[in-house]
Amino acid sequence: MNQPGNRYGQIYGFADPHFPKDGRLPEFSDAGKLMALASFSTRNVPTAEERKLLEFLLDGPFRELSSNEDITGAAHYNVGLDDPEFRNFAGIYSDAIFETFYRFARENLKPNLPLVIAGGCGLNCDWNTKWKETGFFSDVFVPPVANDSGSAIGTAIDAQFYFTGNPKIEWDVYSGLSFQSEGNFDYGRYDIRSTGHDEVAELLTNDLVLGWVSGRYEIGPRALGNRSIIAAPFRDDTRERLNTIKQREQFRPIAPVCLSEDAERWFGCQSESPYMLYAYKVTTDALAAVTHVNHTARLQTVTPASNKNLHSLLVAFKARTGYGVLCNTSLNFNGKGFINNIRDLDAYTVQHGLDGFVVDGRAHLLKSSQRYQDYLAKSPHQAVRGAKAG
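Residues numbered from 1 in each chain as written. Predicted model: local features only at pLDDT ≥ 70, side-chain atom pairs only at ≥ 80, totals over all residues. Heavy atoms only, no water.

**Focus on unusual backbone geometry**
- Although it is not a glycine, Asp207 adopts a positive phi angle of roughly 70°.
- Positive phi outside glycine occurs at His295, with the angle close to 65°.
- The topology assignment puts His295 in the loop between strand 7 (279-281) and strand 8 (296-298). (Helix = DSSP H or I, 4+ residues; strand = E, 2+ residues; numbered from the N terminus.)

**Observations regarding the sheet that holds strand 10 (residues 325-330)**
- Pairing is mixed in the open sheet, where eight strands are placed in the order 3-12-11-4-5-10-6-9. Each of the sheet's edge strands pairs with one partner strand only, and the pair in question is strand 3 (190-194) and strand 9 (300-302). Ignoring strand direction, the axes of neighbouring strands in this sheet form an average angle of 25°.
- Pairing of strand 6 (residues 255-259) with strand 10, which is carried by four bridges, proceeds in the antiparallel orientation. Of the residues in strand 10, the one forming a bridge with Pro256 is Cys327.
- With respect to the sheet, helix 10 (residues 308-321) is in contact with strand 4 (210-213), strand 5 (227-231), strand 6, strand 9 and strand 10, its orientation differing from that of strand 6 by roughly 85°.
- Taken strand by strand, helix 11 (residues 342-352) contacts strand 3, strand 4, strand 5, strand 11 (356-359) and strand 12 (362-366), and its axis lies near 155° from that of strand 11. (Pairing = 2+ DSSP bridges. Axes fitted to C-alpha atoms, helices over the stretch in contact; angles between N-to-C directions. Contact = heavy atoms within 4.5 Å.)

**Let's talk about helix 11**
- Listing the buried residues of helix 11 in full gives Ile342, Leu345, Asp346, Tyr348, Thr349 and His352. End-on view of helix 11: buried residues confined to an arc of 165°, all on one side of the axis.
- Against the buried residues of helix 11 lie strand 3, strand 4, strand 5, helix 8 (236-245), strand 11 and strand 12.
- Capping the start of helix 11, Asn341 holds a side-chain oxygen 3.1 Å from the backbone nitrogen of Arg343, two or three residues further along.
- Residue Gly353 follows helix 11 closely and has a positive phi angle near 85°. (Buried < 20%, exposed > 50% of the residue type's maximum accessible area, 1.4 Å probe, protein only. Arc of directions from axis to C-beta. Polar contact = N/O pair within 3.5 Å; in protein donor to acceptor, adjacent residues only side chain to side chain.)

**Let's talk about empty space enclosed by the protein**
- Throughout the structure, instances matching the rule amount to two cavities of 30 Å³ or more.
- In this model, the largest cavity occupies a volume close to 50 Å³.
- Along the walls of the largest cavity sit Gln10, Phe19, Pro20, Lys21, Asp22, Gly23, Arg24, Leu25, Phe62, Glu64 and Leu65, which together make up its complete lining.
- Considering only residue class, the lining of the largest cavity consists of five nonpolar, two polar and four charged.
- Size it by volume and the second largest cavity reaches roughly 30 Å³.
- Gln10, Phe56, Leu57, Pro61, Phe62 and Arg63 together form the lining of the second largest cavity.
- Split into classes, the residues belonging to the lining of the second largest cavity amount to four nonpolar, one polar and one charged. (1 Å grid on protein atoms, 1.4 Å probe; cavity = no way out; pocket = protein on both sides within 12 Å on 5 of 7 lines; lining within 4 Å. Points joined across faces, edges and corners; volume = space filled by probe spheres on them. Nonpolar A, V, L, I, M, F, W, Y, C, P; charged D, E, K, R; others polar.)

Limitation: the analysis is restricted to geometry and does not speak to function.
Here it is, written out as structure tokens:
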């Protein structure tokens, strides 16, 4: 099966009445959206009509949708993304692609070999989890830059190996550029002060949503705690607010970041999951903001070694709430890379409705934020501290 990633995203455009059916490839974000929709599926057997559609989409070479002469009469054509039967089919379709590759593996590969997954399909947390659950491979590894953004690293390794005979490089996922904290913006709209993890945890406990900047930005498409929007994980309306801030559809889930030592208790995760590339079953009803409709979560675990600053914040939050878990979504304008200078961060905060942001231990709290004002009303000594710092 060629182009499995494009085939996967293609069904999103098939149901979307606004997407042209004339041969365009899926939008870059369609695969991620379909992954969210597939989780709404409640049945696993296709209808006779859906079997015909599966045959057209999955058999033979990848084809444009308009090559199907009966496309307008096909199941789920232009029905819209809220249609419950299309959402059922999205899950069936996702499973059908995975089963094609799993069947090939069983028939052609020796069992108990390690599996490395590369390419954009490596960002499909559901498939990555399924590969682990098959038990067919001794281990499954997906790099944090499985998609094309990892090509530059691979090219550098290839060149180094060619010239030196050594393919090993030293790097970690936080190998991006440092944040540009100097720049002109309206300082007067913020209470600005140095702040520790305890106070940031207190702000989050009071339902403030904050931008979080720490050290160098992460490489790859996942926010891993250095360029993140963070919030308390308990309320479903927090998930709704974060999707509104991100200008995303409300069916999209919000990912959790969790202390590694708490991952098994809250998510059934028995090993480290530092790159947010696998789905786990949530074991409690308390974490509504990070629990998807099928009771899963795309988890990132954190240790002092993997991200010391974020780990300390999670420890402080756990001391207040009993949960070393936070909402974690990427800090970026729609369709852009991670925000990496303070002018853009100020603009994003104001335009998208954050309550403030923290840059390497310095808090900028938006005076116009009602949640921040409510927090000050409950903690009047903070107002004095903020005024002095300002």
